[in-house]
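Reading the structure
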Amino acid sequence: MARAYASTILDAPVETVWSVVRDFNGLPNWVPAVVRSEIEDGLDPDVVGCVRSFQMSNGGHVRERLLSLCDRTYSFSYNFETPAFPVTNYVARIRLMPVTASDRTFAEWEATFDEAPGDEGKYVGIISKHVFQAGWDALKTRLPGMVKPAAAKRWAGFPPNKVWCSTVIPGPVEEVWCIIRDFAGMGGWHDAITEMHMLGGVRGDKVSGIRDFRFGEGHLNENLLHLDDAERSFSYFISKSDLPWMNYVSGPRLWPVTDCSQTFGAWTGDWVADPRDDVTLIPMAEKEVYLKAFDTVAQRYFGGNR
């Protein structure tokens, strides 16, 4: 199965971008190659299962069915009913994520599909560059001057996480991942973390390994829950801490920004604590642990955030 993919950073809040791309019948408003579109059977464009029928500037006719739509995660998926390319089992998805550190938007567009024998690899580049990336480039010209919809709601934390924060690091995702995947390496680039080491001398990529360290005046142990090189993510839980929280689980994930060789990073955290303690714990975890970790990597290795 082939996969086409393109991602970018858009200079507008996620609510503004979502107000444009959410309209399943709105391609003519931001994709120059689409000249006319209608939803079949008189359905609204946010009815899951509806089919959009649109004409391309080159004379092509395409029909696509809405498979899913989620206002909480700013995402939707669709398939081909009348294909634009000679491929089968085509399913595409658009997803937006807020860049919380700068109120911009990370946007990704991807599709999986099967190509005919002899066409292997032929349409990956075409769809990635001439459909998805061309769409993002066109959207960049549409966004300046647009305002955030007054009724838009930002789903802070993206439940079930208490904290969901993100930023852009000006370096290739493979290089950023190589730095942060070492579970014992954070002590080398986070100023508030000292004496970090793996208990028992185990490797920093051993799932179930425990890192022991000091955070300011506190002494913590954290256990590695998972490490995923394909997804570029890991998670961990706190097994020893002086802070008043329980069932703490956290971890980062990285995505490539394909049109500028940068990295989008998100870090999440969830735990149980007294609501009065959360008034301090939530902003501390977001700003002094998660975003500071990303910022320090950006500054120390890549010359600062973007």
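Figured I'd write up the structure that's included with this text.

Conventions we followed
- Residues numbered from 1 in each chain as written.
- Predicted model: local features only at pLDDT ≥ 70, side-chain atom pairs only at ≥ 80, totals over all residues.
- Heavy atoms only, no water.
- Helix = DSSP H or I, 4+ residues; strand = E, 2+ residues; numbered from the N terminus.
- Buried < 20%, exposed > 50% of the residue type's maximum accessible area, 1.4 Å probe, protein only.
- Contact = heavy atoms within 4.5 Å.
- Phe/Tyr/Trp six-rings, centres within 6.5 Å; stacked < 30°, edge-to-face > 60°.
- Lys NZ or Arg CZ within 6 Å of the ring centre and 35° of its normal.
- Salt bridge = Lys/Arg side-chain N within 4 Å of Asp/Glu carboxyl O.
- Pairing = 2+ DSSP bridges.
- Axes fitted to C-alpha atoms, helices over the stretch in contact; angles between N-to-C directions.

1. Focus: the overall build of the chain
When helices and strands are counted, the chain shows four helices and 14 strands. If one aligns the C-alpha atoms of the chain with their principal axes, the spans along those axes are about 65 × 50 × 35 Å. Taken over 306 residues, the chain has a buried fraction of 47%. A separation threshold of at least 6 residues defines the contact pool for the chain, and within that pool the share at least 24 residues apart is 53%.

2. Looking at the packing of aromatic side chains
As enumerated under the stated definition, the model contains 28 aromatic pairs in all. Here Phe183 and Tyr236 contribute two aromatic rings whose centre-to-centre distance is 5.9 Å and whose plane-to-plane angle is 50°, an arrangement assigned as tilted. Of the two residues, Phe183 is situated in the loop between α3 (173-180) and β9 (193-198) and Tyr236 in strand β12 (residues 233-240); the sequence distance between them amounts to 53 residues. For Arg52, the ring lying beneath its charged end belongs to Tyr78, and the centroid distance is 5.0 Å.

3. Description of the pattern of salt bridges
Scanning the entire structure with this criterion turns up 20 salt bridges. For Asp191, the salt bridge identified is with Arg300, shortest N-O distance 3.3 Å. Of this pair, Asp191 sits in the loop between α3 and β9 while Arg300 sits in helix α4 (residues 275-302), and the two are 109 residues apart along the sequence. Among the residues examined, Arg300 registers a relative accessible area of 44% and is labelled partly exposed. Residues joined in a network through salt bridges with shared partners are Arg3, Arg93, Arg95, Glu108 and Glu110.

4. Description of the sheet that holds strand β7 (residues 104-115)
Pairing in this open sheet of seven strands is antiparallel, and the strands run β1-β7-β6-β5-β4-β3-β2 from one edge to the other. Every interior strand has two partners, whereas the edge strands, β1 (2-10) and β2 (34-39), have only one. Strand-to-strand twist of the sheet, defined as the mean angle between neighbouring strand axes without regard to direction, takes the value 20°. Here helix α1 (residues 14-21) sits on the sheet in contact with β1, β4 (61-70), β5 (75-82), β6 (87-99) and β7, set at roughly 150° to β6. Along the sheet, helix α2 (residues 122-142) contacts β1, β5, β6 and β7; its crossing angle with β1, the most-contacted strand, is approximately 20°.

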